[in-house]
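Analysis of the macromolecular model
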Amino acid sequence: QVQLVESGGGLVQAGGSLRLSCAASGSIFSINAMGWYRQAPGKQRELVAAITSGGSTNYADSVKGRFTISRDNAKNTVYLQMNSLKPEDTAVYYCNAIAVATMNYRMDDYWGQGTQVTVSS
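Conventions adopted
- Residues numbered from 1 in each chain as written.
- Predicted model: local features only at pLDDT ≥ 70, side-chain atom pairs only at ≥ 80, totals over all residues.
- Heavy atoms only, no water.
- Salt bridge = Lys/Arg side-chain N within 4 Å of Asp/Glu carboxyl O.
- Buried < 20%, exposed > 50% of the residue type's maximum accessible area, 1.4 Å probe, protein only.
- Helix = DSSP H or I, 4+ residues; strand = E, 2+ residues; numbered from the N terminus.
- Core = buried A, V, L, I, M, F, W, Y, C linked by side-chain atoms within 4.5 Å.
- Contact = heavy atoms within 4.5 Å.
- Phe/Tyr/Trp six-rings, centres within 6.5 Å; stacked < 30°, edge-to-face > 60°.
- Pairing = 2+ DSSP bridges.
- Axes fitted to C-alpha atoms, helices over the stretch in contact; angles between N-to-C directions.
- Polar contact = N/O pair within 3.5 Å; in protein donor to acceptor, adjacent residues only side chain to side chain.

Observations concerning the pattern of salt bridges
Enumeration according to the criterion identifies 5 salt bridges in this entry. Of the charged contacts, one joins Arg38 and Glu46 as a salt bridge, the two residues approaching to 2.7 Å between their closest N and O atoms. Taking relative accessible area as the criterion, Arg38 reaches 6% and is therefore assigned buried. Judged by relative accessible area, Glu46 falls into the partly exposed class, the value being 35%. One salt bridge connects Asp89 with Arg38, and the closest N-O pair in it is separated by 3.0 Å. Remark: Arg38 occurs in strand S4 (residues 28-39) and Asp89 occurs in the loop between strand S8 (77-82) and strand S9 (91-101); sequence separation between them is 51 residues. Residue Asp89 shares its accessibility class with Arg38, and that shared class is buried. Salt bridges here are not isolated pairs; linked through shared partners, they connect Arg38, Glu46, Arg66 and Asp89.

Regarding the nonpolar core
Ranked by size, the top nonpolar core spans 32 residues in total, and within it Trp36, Leu80, Met82 and Tyr93 carry the most contacts. When contributions to this core are tallied by element, the ones reaching two or more residues are strand S1 (2-7), strand S3 (18-26), S4, strand S5 (46-51), strand S7 (67-72), S8, S9 and strand S11 (115-120). If one sorts the elements of this core by residue count, S9 sits on top with 6 residues. When neighbours within four sequence positions are excluded, Tyr93 is seen to be in contact with Glu6, Leu20, Trp36, Tyr37, Arg38, Val48, Phe67, Leu80, Met82, Gly114, Thr115 and Val117.

Observations concerning the packing of aromatic side chains
Counted under the stated rule, the structure contains 2 aromatic pairs. Ring geometry for Phe29 against Tyr105: centres 5.1 Å apart, planes inclined by 75 degrees, an arrangement best described as edge-to-face. Taken together, the residues Phe29 in strand S4 and Tyr105 in the loop between S9 and strand S10 (107-111) connect sequence positions 76 residues apart. For the pair Phe29 and Tyr105, a shared accessibility class is recorded, and that class is exposed. Pairing Tyr37 with Trp111 gives two aromatic rings, centres 5.0 Å apart and planes at 65 degrees, and the pair type is edge-to-face. Within this pair, whereas Tyr37 is found in strand S4, its partner Trp111 is found in strand S10, the two being separated by 74 residues in sequence.

A word on the sheet that holds S8
The antiparallel open sheet is built from 4 strands, whose spatial order is S1-S3-S8-S7. With one partner strand each, in any of the chains shown, S1 and S7 form the two edges of the open sheet. Across the sheet, the axes of successive neighbouring strands diverge by a mean angle of 15 degrees, strand direction being ignored. In this sheet, S3 lies alongside S1 in antiparallel orientation, the contact comprising 6 bridges. By the bridge assignment for S3, Leu4 is matched with Ala24.

Quick notes on the side chain of Asn96
With respect to the helices, strands and loops of the structure, Asn96 is situated in strand S9. A polar atom in the side chain of Asn96 sits 3.2 Å from the side chain of Asp109. Polar side-chain contacts of Asn96 include one of 3.3 Å to the backbone oxygen of Tyr110. Setting aside its immediate chain neighbours within four residues, Asn96 contacts Leu4, Ala33, Met34, Gly35, Tyr37, Asp109, Tyr110 and Trp111.

The structure is reproduced here in structure tokens:
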């Protein structure tokens, strides 16, 4: 299995910054894409940003220019630097990895437990 552990959430004022981290561990054969999703109360989970093993990135329009996703392949860790935060960024942020575990050599989706980000106005 592959486990994802997030850290770095919290409470910040509008205009502030936070950095989220997500470390993958376990019986990992390979990790393809990693990314961050978020879910606000009463809303569907949405993609925030994603990055492939080769470094190609994709962002939601709402965060372009404010958020930056990066990845350390050697550490199986993905980061999300969030700047110029807005109250509408308030949500639970989930780490996602598309990975192959050594227990079955099958590519699967893995999710972290989520970390709360709250932006006050």
